[in-house]
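Residue-level structural notes
Residue-level listing of the chains:
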Amino acid sequence: MEQNQLITINNLVKNFPIGKGKFTALNGINLTFKTGEFAGLVGPSGSGKTTLLNIIGSLDIPSEGYANVLGMNIGKLNIKNAAILRRLHLGFIFQTYNLLPVYSVYENVEFPLLLINMSASQRKKAVMDALDWVGLTDKIKSRPAQLSGGECQRVAVARAMVKKPKIVLADEPTANLDAANSHNILKMMMKLNEELKTTFIFATHDEKVIQYLKRKIKLEDGKIVKDEIIKTNKEL
Amino acid sequence: MIRFLFKGLLRDKTRSLMPILIVAAGVALTVLMYCYMTGVLGEMIETTANYSAGHVKIMTHAYKKNKAQVPNDLALLNVNELISKVQKDYPTLKIVKRINFGGLLDSPDETGETKKQGIVAGISIDLLSKNSKELDRLNIRDALRKGRFPEKSNEVLLSDQFADKLELGPGSKVTLITSTMYGAMSIQNFVVAGTIDFGMEMMDRSGMIADITGIQDALDMKNACSEILCFLESHTYDDLEAIDIEQSFNAKYSDINDEFSPVMSRLKNESMMSGYFDYIDNFVGILIFIFLFAMSIVLWNTGLIGGLRRYGEVGVRLAIGEEKGHIYRSMIMESILIGIVGSVIGTIIGLGFSYWIQEVGINIGGMIKDSKMMVPTVFRAKITDTAYYIGFVPGLFSVVLGTMLSGIGIYKRKTAQLFKELDT
């Protein structure tokens with residue numbers, strides 16, 4: 001594996017049992033992701049985007065084939081080690097934010113750090129840095145119910161980024177946002193991708209997200225039909 | 001992490017308030033019931049001890065066999081010598097002589113002819129000795145309704161109700177018609193010194209208290225008595241201590257082949273008392289089990305509702321990398337906090353009500369008008385040391401058990417479904 005290669009997927013198959021038969025959600029997937037990618041799994045509903053994101057995120061295991069994330073074979077990981085991988089190295093952003101409603105913005109962002117037993121002073125610095133990245137240092141005491149949708153998603157981004165994970169997985173992160181907020185969030189993620197070299201992998205069929213991607217992996221019926229690097233004007 | 005959880009509990013009232021209220025209510029009831037039953041049963045036991053059984057009691061074998069008939073012909077003899085020996089063997093025991101007697105009490109008119117008569121149930125106690133604690137032991141100092149306490153051996157106290165029935169009052173002359181311990185007829189005149197309200201229906205109907213020397217004269221029982229009652233130094237019955245004393249006394253003084261030899265019997269072995277003691281022993285366990293069971297079911301249900309409300313939160317925590325066991329344990333930790341807070345509140349409320357019932361009491365005189373049991377008419381709770389922590393057992397266990405049952409669902413969550421579940 002190359003030194004900056006974070007994820008390697010070979011001949012990955014994922015089947016789900018249906019009655020006496022099975023449904024193949026992913027069929028013969030081969031992929032690699034390197035440090036600092038800003039990639040998206042795109043395709044219609046049922047194409048296998050979220051299933052692939054689940055496997056990369058160690059939330060599910062392959063039925064066949066091989067998926068290696070940060071040097072760990074996902075198929076061989078037990079529940080405990082899968083949780084450790086997520087806790088230390090992966091960040092998650094959801095469509096519906098999923099902030100903890102009774103906690104403040106600061107506490108929501110702090111929560112992943114409590115799980116890795118970071119000291120209080122380090123936690124405080126990390127949380128303030130993360131809120132600074134997303135421009136919410138003035139809202140640290142607010143509760144999620146007091147924030148707009150865009151602000152909630154920015155808190156979710158801060159929560160995903162606060163432990164400086166190697167990989168951030170985002171499932172339809174702009175689906176609940178209007179156009180202006182979607183662009184703001186995506187620009188902010190791009191900035192973090194460039195500054196912190198965090199790899200972002202999206203599962204989306206939203207054109208607003210797709211236009212920001214540097215790599216577009218198109219899935220159809222569980223297969224990759226196109227894997228395209230999008231070059232910026234500068235690169236061209 | 002605990003601070004973090006505690007903050008969540010404080011802010012999410014639906015997560016904390018309902019379980020705390022359930023726990024507090026259950027704990028308050030547990031404490032109240034415990035104090036009430038301890039008070040009632042304890043008072044019944046101590047009343048029985050003070051009036052008739054002592055903590056341990058010495059009789060003859062023959063008297064013991066027939067004690068329901070109050071057979072003074074089978075009474076103990078040479079009691080002063082026996083008491084000296086027993087006091088030497090057991091210096092901490094408080095020892096008193098008692099003679100129980102029955103008979104006919106005759107109320108004469110000015111000419112000496114019978115005006116009214118009634119069957120009397122009497123006990124004779126040491127009323128005249130300077131150091132006698134018998135009035136306090138029988139708790140009748142405040143029960144005097146008319147007249148005064150006896151100052152001579154021929155003066156008696158009658159129950160106020162009984163005196164009214166016989167149209168007697170302080171200064172009235174009465175005649176006790178009964179039999180001596182040798183079977184001869186005994187007719188002895190007494191003067192009513194005062195009337196009292198025993199607060200026990202059985203004694204209030206026909207009770208009489210006389211000084212023991214007067215009754216010894218009347219029943220020809222010089223240096224004899226029906227029973228010797230012994231009280232433990234702590235003033236509270238302790239079965240283990242009583243067993244020790246009973247066994248050592250009987251080994252030394254009792255001869256099973258001599259029906260007039262003394263035999264000691266402890267309070268628990270007195271008729272009906274054994275059941276009370278077993279009931280008290282089992283009562284705490286039964287009480288805790290009932291509240292533990294009932295509250296666990298309610299809190300299990302509350303936990304399930306809470307689990308539904310926190311479905312998203314648990315999902316996010318799993319996705320972020322928190323282990324299922326850690327989430328489960330953190331919920332149990334929350335439940336312990338809820339249990340402690342609820343138990344403290346419940347204990348304070350329970351003790352408050354118990355204190356009120358301890359001070360004011362509940363008068364059940366009307367309900368036990370025809371009772372033959374020696375029970376007080378006012379029932380009071382009693383706050384003991386145990387009352388301060390007894391509620392914590394069902395309080396903590398029920399909420400932890402409820403959470404453990406409802407939290408099992410966490411282990412059934414499939415992480416592969418999280419994106420789907422959390423994105424809806």
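For the structure itself, consult the block above.
Here goes a summary of the coordinates provided. The model shown is predicted, which means the values in this text are computed figures rather than measured ones.

**Here we look at the packing of helix α12 (residues 324-360) of chain B against helix α13 (residues 392-406) of chain B**
All names here are of chain B.
- The N-to-C vectors of α12 and α13 enclose an angle of 150°; their axes lie 8 Å apart at closest approach. In this view, α12 runs roughly antiparallel relative to α13, as classed from their interaxial angle. At the point where α12 passes α13, the crossing takes the right-handed sense. Contact with α12, carried on its side by Y328, M331, I332, S335, I336, I338, G339, I340, S343, V344 and T347, involves F392, G395, L396, V399, V400, T403 and M404 of α13 and no other residues of that element.
- The residue makeup of the contact of α12 with α13, split by class, is 12 nonpolar, six polar and no charged.

**Remarks on the sheet that holds strand β4 (residues 64-69) of chain A**
Residues and elements named next belong to chain A.
- One open sheet holds the four strands; their spatial order is β2-β1-β4-β5, and the pairing between them is antiparallel. In this open sheet, the two strands that pair with only one neighbour each are β2 (21-34) and β5 (72-73).
- With two bridges joining them, β4 and β5 adopt antiparallel strand pairing. Across the sheet, residue V69 finds its bridge partner in β5, namely M72.
- Contacts from helix α1 (residues 49-56) reach β1 (5-18), β2 and β4 within the one sheet, and its direction differs from that of β1 by about 120°.

**Considering the interface of chain B and chain A**
- Tallying the contact residues gives 25 residues for chain B and 29 residues for chain A.
- Overall, the association of chain B and chain A removes approximately 2700 Å² of surface from exposure, summing both partners, and the carbon and sulfur fraction of that is 64%.
- Counting across the interface, chain B meets chain A through three salt bridges.
- Of the charged contacts, one joins E107(A) and K7(B) as a salt bridge, the two residues approaching to 3.1 Å between their closest N and O atoms.

**Some thoughts on the sheet that holds strand β6 (residues 90-93) of chain A**
Residues and elements named next belong to chain A.
- With mixed pairing, the six strands of this open sheet are ordered in space as β6-β7-β8-β3-β9-β10. Every interior strand has two partners, whereas the edge strands, β6 and β10 (223-229), have only one. Each neighbouring strand pair of the sheet contributes to a mean axis angle of 15°, computed without reference to strand direction.
- In this structure, strand β3 (residues 38-42) lies alongside strand β8 (residues 199-204), joined through five bridges in parallel fashion. Bridging from a neighbouring strand, L41 pairs with A203 of β8.
- Across the sheet, helix α5 (residues 149-161) is in contact with β6, β7 (167-171) and β8; its angle to β6 comes to roughly 170°.
- Against the sheet, helix α6 (residues 179-196) makes contact with β3, β6 and β8, and its axis sits at roughly 150° relative to β8, the strand it touches most.

**Structural notes on the pairing of strand β1 (residues 56-60) of chain B**
Residues and elements named next belong to chain B.
- β1 sits mainly inside the fold: five of its five residues count as buried.
- By the alternation rule, side chains of β1 split into V56, I58 and T60 and K57 and M59, which are all buried.
- Bridging between β1 and strand β12 (residues 262-266) involves five bridges; their strand directions are antiparallel. If you follow I58 over to β12, its bridge partner there is M264.
- In this sheet, strand β11 (residues 227-231) lies alongside β1 in antiparallel orientation, the contact comprising three bridges. Across the sheet, V56 pairs through a bridge with C230, a residue of β11.

**Quick look at the packing of helix α1 (residues 2-11) of chain B against α12(B)**
All names here are of chain B.
- Remark: α1 packs on α12, axes separated minimally by 10 Å, with the N-to-C direction vectors making an angle of 60°. In terms of orientation, α1 and α12 fall into the oblique class. Here the hand of the crossing between α1 and α12 comes out right-handed. Where α1 approaches α12, its residues I2, L5, F6 and L9 are matched on the opposing element by S330, M333, E334, L337 and I338.

**Topic: a negative patch on the surface**
- Side chains of E233(B), D238(B), E241(B) and D244(B) sit close together on the surface and give a patch of like negative charge.
- Looking at the element boundaries, D238(B) is found in the loop between β11 and α9 (239-253).

**Here's the deal with the packing of aromatic side chains**
- This model, assessed by the stated rule, comprises 10 aromatic pairs over all chains.
- Both rings, one in F38(A) and one in F202(A), keep their centres 5.1 Å apart while their planes meet at 70°; by these two values the pair is edge-to-face. Note that F38(A) is positioned in strand β3 and F202(A) in strand β8, a separation of 164 residues in sequence.
- Using a relative accessible area of 0% as the deciding quantity, one classes F38(A) as buried.
- Under the relative-accessibility criterion, F202(A) is labelled buried at 0%.
- Put simply, the rings of F38(A), F200(A) and F202(A) touch in pairs and so form one group of aromatic residues.
- The side chain of R215(A) reaches across the aromatic face of F33(A), ending 4.8 Å from its centre.
- When the ring centre of F231(B) is taken as origin, the NZ or CZ atom of R137(B), which lies over that ring, is 4.3 Å away.

**Some thoughts on α1(B)**
- What α1(B) keeps buried is the set F4(B), L5(B), G8(B) and L9(B). For α1(B), the angular spread of the buried residues around the axis is 140°, confining them to a single face. Opposite the packed face of α1(B), turned more than 90 degrees from it, sit the exposed residues R3(B) and L10(B).
- On its buried face, α1(B) sits against α3 (105-115) of chain A together with α2 (13-53), α11 (311-320) and α12 of chain B.

**Details of the pairing of β11(B)**
All names here are of chain B.
- Burial of β11 is extensive: five of the five residues sit out of reach of the surface.
- Residues E227, L229 and F231 of β11 are buried on one face, and the alternating residues I228 and C230, pointing to the opposite face, are buried as well.
- In this sheet, β11 lies alongside strand β3 (residues 94-108) in antiparallel orientation, the contact comprising five bridges. Residue pairing across strands places K97 opposite I228, the latter belonging to β11.

Criteria and cut-off values
Residues numbered from 1 in each chain as written. Chains lettered and ligands numbered in written order. Predicted model: local features only at pLDDT ≥ 70, side-chain atom pairs only at ≥ 80, totals over all residues. Heavy atoms only, no water. Axes fitted to C-alpha atoms, helices over the stretch in contact; angles between N-to-C directions. Helix = DSSP H or I, 4+ residues; strand = E, 2+ residues; numbered from the N terminus. Parallel < 35°, antiparallel > 145°, perpendicular 65-115°, else oblique. Left-handed = near helix turned anticlockwise from the far one by under 90°. Contact = heavy atoms within 4.5 Å. Nonpolar A, V, L, I, M, F, W, Y, C, P; charged D, E, K, R; others polar. Pairing = 2+ DSSP bridges. Buried area = accessible area lost by both parts, 1.4 Å probe. Salt bridge = Lys/Arg side-chain N within 4 Å of Asp/Glu carboxyl O. Buried < 20%, exposed > 50% of the residue type's maximum accessible area, 1.4 Å probe, protein only. Patch = residues over 30% accessible without salt bridge, like charges linked within 9 Å, V, L, I, M, F, W, Y side chains within 5 Å. Areas by Shrake-Rupley, 256 points an atom, 1.4 Å probe, with all protein chains shown as cover. Lys, Arg positive; Asp, Glu negative; His and termini not counted. Charge placed at Lys NZ, Arg CZ, Asp CG, Glu CD. Phe/Tyr/Trp six-rings, centres within 6.5 Å; stacked < 30°, edge-to-face > 60°. Lys NZ or Arg CZ within 6 Å of the ring centre and 35° of its normal. Arc of directions from axis to C-beta.

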